[in-house]
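Geometric and topological summary
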Amino acid sequence: MRVLVTGGSGLVGMAIQHVVKEERGGYEGEEWIFLSSKDANLMSMKETRDVFRKHQPTHVIHLAAMVGGLFKNLKCNLDFWAAHEVGVVKVVSCLSTCIFPDKTTYPINETMIHNGPPHESNFGYAYAKRMIDVHNRAYFEQHGHCYTAVIPTNVFGPHDNYSIEDGHVLPGLIHKTYIAKKEGKALVVWGSGTPKRQFIYSLDLARLFLWVLREYPEVDPIILSVGEEDEVSIKEAADTVVQALDFKGEVIYDNSKSDGQFKKTASNAKLCSYLPEFRFTPFKQALKETCEWFVANYDTARK
Ligand code: GFB
């Protein structure tokens, strides 16, 4: 089994590298190749073919994508349209809970992806990601391939993109809190703080990714999320960052900024039916580890 990981140097890719290293290079008979954008431009058919021919993977974890938070998505919806094919035994791609219909019943489950238009803030990203599910089904029907996808909720952890403008909420808040503390200023949280999110630690996600690659048998996607009871508001998330970084200053909510989707509560019932024993790292602990990583790696972190 030769596993090629696209987007191998990103948030999830680095977490998978970490877990594979913990396993001393993966299970016996596995070879792992982590690609970054420096190795090939996957938007070029030629470079994609060349890199696949060079490594001849039997399995692919497809993580490469243009990714950003709510505010980057609002800025560049058109740029997210991309989908491409690969000729290998198994592909695991990465979707996201923000691709589900905006108007829906809760909790969201795996059967609802195509039930209606996504939230308008990220329609470009959402339709491109939905097409991966269409691709997977078509590849199974026409060629019998087991190409599948996972659907994580909001991911965070070491090696994230900590850009304040374009990043996701947790890395953004961690960076902003770090600066507010250093400069003795207030922390400005965007929006009302009331929206809710289910956050998943990148190392938990990496462990689940390896299980999907090795054992999950379906073409239909699977939601990788903490339970509905572990959903937190943006305010609770901001408070946890403030606590983790021991920030004592003022916290202000800027209501002129968008709240995005109010919630996208996802069901992890399918995951629990496959892996009833799996335990997620508690949110506080995972966020504490992430903040410590950011402080220790401030100079080199992506931001
Ligand atoms: O992670 P995020 O940017 O994206 O979170 P989504 C946005 C929520 O956090 C909104 C609030 O309610 C914002 O008002 N927020 C507060 C902040 N302070 C900040 C801040 O400093 N930075 C940011 N970014 N938000 C994502 C998609 O949507 O869903 C992703 O954009 C991904 O691509 C993910 O698919 C699952 O959670 O709204």
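Use the structure listed above.
Being a predicted model, the structure only gives us computed values, none of them experimental. (Residues numbered from 1 in each chain as written. Predicted model: local features only at pLDDT ≥ 70, side-chain atom pairs only at ≥ 80, totals over all residues. Heavy atoms only, no water.)

A short note on the sheet that holds strand S5 (residues 146–152)
As a reminder, the rule being used: Any two strands between which DSSP finds at least two bridges are classified as paired. Each helix is a run of H or I in the DSSP string that is no shorter than four residues. Each strand is a run of E no shorter than two, and both are numbered from the N terminus. Here an axis means a line fitted to C-alpha atoms, over the contact stretch when the element is a helix, while the angle between two N-to-C directions is reported on a 0 to 180 degree scale.
The strand order across the open sheet built from six strands is S2-S1-S3-S4-S5-S10, with neighbouring strands paired in parallel fashion. The open sheet has two free edges, formed respectively by strand S2 (31–34) and strand S10 (222–224), since each of these has just one partner strand. The sheet shows a mean angle of 20° between the axes of neighbouring strands, direction not considered. The pairing of S5 with S10 spans three bridges and is parallel.

So, helix H4 (residues 123–143)
Three or four residues apart is the spacing at which side chains of an α-helix point the same way, because the helix has 3.6 residues per turn. Our working definition: A helix is expected to span 1.5 Å for every residue after the first. Here a residue-residue contact requires only that any non-hydrogen atoms of the pair lie within 4.5 Å.
With 21 residues, H4 ought to run about 30 Å at 1.5 Å a step, and its terminal C-alpha atoms sit 29 Å apart, in line with that. Each element contacted by the buried residues of H4 is listed here: strand S4 (90–94) and S5. Just past H4, the residue Gly144 takes up positive phi, approximately 70°.

A look at the pattern of salt bridges
The line we're drawing: One speaks of a salt bridge when a side-chain nitrogen belonging to Lys or Arg is within 4 Å of a carboxyl oxygen belonging to Asp or Glu.
Per the counting criterion, the structure on display carries 12 salt bridges. As a salt-bridge pair, Arg214 and Glu23 come within 2.9 Å of each other at their nearest N and O atoms. Residue Arg214 is found in helix H6 (residues 202–214), and its partner Glu23 is found in the loop between helix H1 (11–22) and S2; the two are separated by 191 residues along the sequence. With a closest N to O distance of 2.6 Å, Asp50 and Lys46 form a salt bridge.

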